[in-house]
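# Reading the structure
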Amino acid sequence: MRFRAKIVDLACLNHFSRIINTIAKLTKTCILRLTVCKLYFILSDKIANGGASMWCELSQGNFFDEFQMEGVAAEHNEIYLELVPENLSRALKTAHSAKAVKIKLTNKHCPCLRVAVELPSLSSSSRIVTHDIPVGVIPRRMWNDFREPSVPDFDVSIYLPVLKTMKSVVERMKNLSNFIVIEANLSGEMNLKIETDLVSVTTHFKDLGNPPWASEDGCQSFAQGRDLESMAEACIDIKKLQQLLAGQQVNPTKALCNIVRKRIVHFILLHEEVSLQYFIPAIA
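The notes below deal with the structure included here. (Residues numbered from 1 in each chain as written. Predicted model: local features only at pLDDT ≥ 70, side-chain atom pairs only at ≥ 80, totals over all residues. Heavy atoms only, no water.)

### What to know about a positive patch on the surface
Taken together, the side chains of Arg4, Lys102, Lys104 and Lys108 make up a positively charged region of the molecular surface. When you line up the elements, Lys108 lands in the loop between strand 7 (100-107) and strand 8 (111-119). For Lys108, a relative accessible area of 66% puts it in the exposed group. (Patch = residues over 30% accessible without salt bridge, like charges linked within 9 Å, V, L, I, M, F, W, Y side chains within 5 Å. Areas by Shrake-Rupley, 256 points an atom, 1.4 Å probe, with all protein chains shown as cover. Salt bridge = Lys/Arg side-chain N within 4 Å of Asp/Glu carboxyl O. Lys, Arg positive; Asp, Glu negative; His and termini not counted. Charge placed at Lys NZ, Arg CZ, Asp CG, Glu CD. Helix = DSSP H or I, 4+ residues; strand = E, 2+ residues; numbered from the N terminus. Buried < 20%, exposed > 50% of the residue type's maximum accessible area, 1.4 Å probe, protein only.)

Quick look at the structure:
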């Protein structure tokens with residue numbers, strides 16, 4: 001099992017660093033799945049137990065100048081590692097003006113991701129700062145626990161308003177309640193609501209638009225025969241939503257949410273070569 005990679009392009013490095021930062025804000029530990037073409041950051045708290053789950057996918061070719069890996073076996077050419085994203089984020093913070101960053105899986109005393117940051121120096125010799133980040137190697141028999149979560153059959157799919165706006169609304173509401181109701185319909189309307197014994201606050205968003213999801217046969221919309229005005233709602237933990245919005249350092253080109261009535265809210269943030277899915281279970 002081997003893995004080594006190198007980033008030389010500063011823009012790619014900073015972009016990669018922002019993604020890791022975002023992930024570090026969403027979870028304390030996650031699984032890093034390495035394949036020949038892609039990297040995945042996975043958090044699979046059991047949704048049944050009220051935990052959120054995350055699936056972030058990026059194409060290695062858009063970030064790395066060199067990328068070599070050999071998985072656990074020829075027919076299973078993948079590596080699954082458990083790591084603390086905050087540690088990786090901290091290591092990359094030292095790299096914002098680096099000439100190059102090399103990442104390598106090593107195993108001296110325990111399995112580690114070694115991040116070697118080559119910094120520019122005035123003399124001819126370069127300075128290299130090395131960070132060893134402990135990782136756990138996930139055995140093959142447990143890989144199935146980290147498969148891509150299936151997208152539930154949603155009642156409504158809607159584009160999100162500008163995330164900065166949504167973030168400031170949610171931050172204000174967080175002081176009033178631990179729970180927030182998200183509701184939306186197929187006419188591009190979404191409401192964020194808080195209801196307690198003392199106060200009831202609703203923020204309305206209009207004209208957001210609904211993604212053109214086609215049904216299986218590709219010609220009719222899944223919305224056919226539905227009341228476009230009727231709202232589908234789910235009540236979720238406001239802290240989990242705030243975490244997602246506060247952690248956003250990658251400005252997505254598309255952001256949308258799917259609501260399964262009273263069951264789950266599924267967020268999808270897309271940015272060129274990165275997709276981040278985040279599932280927040282509803283509170284009964």
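### Quick look at the sheet that holds strand 14 (residues 200-205)
The antiparallel open sheet is built from four strands, whose spatial order is 14-13-12-15. Each end of this open sheet is capped by a strand with a single partner; those strands are strand 14 and strand 15 (232-237). For this sheet, the mean angle separating the axes of adjacent strands, direction not counted, is 20°. With six bridges connecting them, strand 12 (residues 179-184) and strand 15 associate as antiparallel partners. (Pairing = 2+ DSSP bridges. Axes fitted to C-alpha atoms, helices over the stretch in contact; angles between N-to-C directions.)

### Side note on the packing of helix 1 (residues 10-26) against helix 2 (residues 85-93)
The interhelical angle for the contact between helix 1 and helix 2, taken along N-to-C directions, is 150°, at an axis separation of 8 Å. With respect to each other, helix 1 and helix 2 are oriented roughly antiparallel. For the pair helix 1 and helix 2, the sense of crossing is left-handed. Every residue of helix 2 that contacts helix 1 at Leu13, Phe16, Ser17, Ile20, Asn21, Ile23 and Ala24 is listed here: Pro85, Glu86, Leu88, Ser89, Leu92 and Lys93. (Parallel < 35°, antiparallel > 145°, perpendicular 65-115°, else oblique. Left-handed = near helix turned anticlockwise from the far one by under 90°. Contact = heavy atoms within 4.5 Å.)

### What to know about the nonpolar core
Phe3, Phe16, Leu113, Leu192, Leu241 and Phe267 are the most contacted members of the largest nonpolar core, which totals 75 residues. Residue contributions to this core peak at six residues, all from helix 1. Composition of this core by domain shows at least three residues from each of domain 1 (2-145) and domain 2 (156-281). Counting eight residues, the second-largest nonpolar core is a separate cluster that includes Ile42, Trp55, Ile138 and Trp143. (Core = buried A, V, L, I, M, F, W, Y, C linked by side-chain atoms within 4.5 Å. Domains from an automatic or database assignment.)

### With respect to the pairing of strand 4 (residues 53-59)
Burial analysis of strand 4 places six of its seven residues in the buried class, which makes it a mostly covered element. For strand 3 (residues 38-44) and strand 4, the ladder comprises seven bridges, and the chain directions are antiparallel. In the strand pairing of strand 4, Ile42 is matched with Trp55. Relative to strand 18 (residues 274-281), strand 4 runs antiparallel, the two sharing six bridges. Note on strand 18: the bridge partner recorded for Cys56 is Leu276.

### Section: the pattern of salt bridges
Scanning the model with the defined rule gives eleven salt bridges in all. With a closest N to O distance of 3.4 Å, Glu183 and Lys193 form a salt bridge. Of this pair, Glu183 sits in strand 12 while Lys193 sits in strand 13 (residues 190-195), and the two are ten residues apart along the sequence. Judged on exposure class, the residue Glu183 and its partner Lys193 are both buried. Three or more residues are tied together by salt bridges with common partners; here these are Glu183, Lys193, Glu233 and Lys262.

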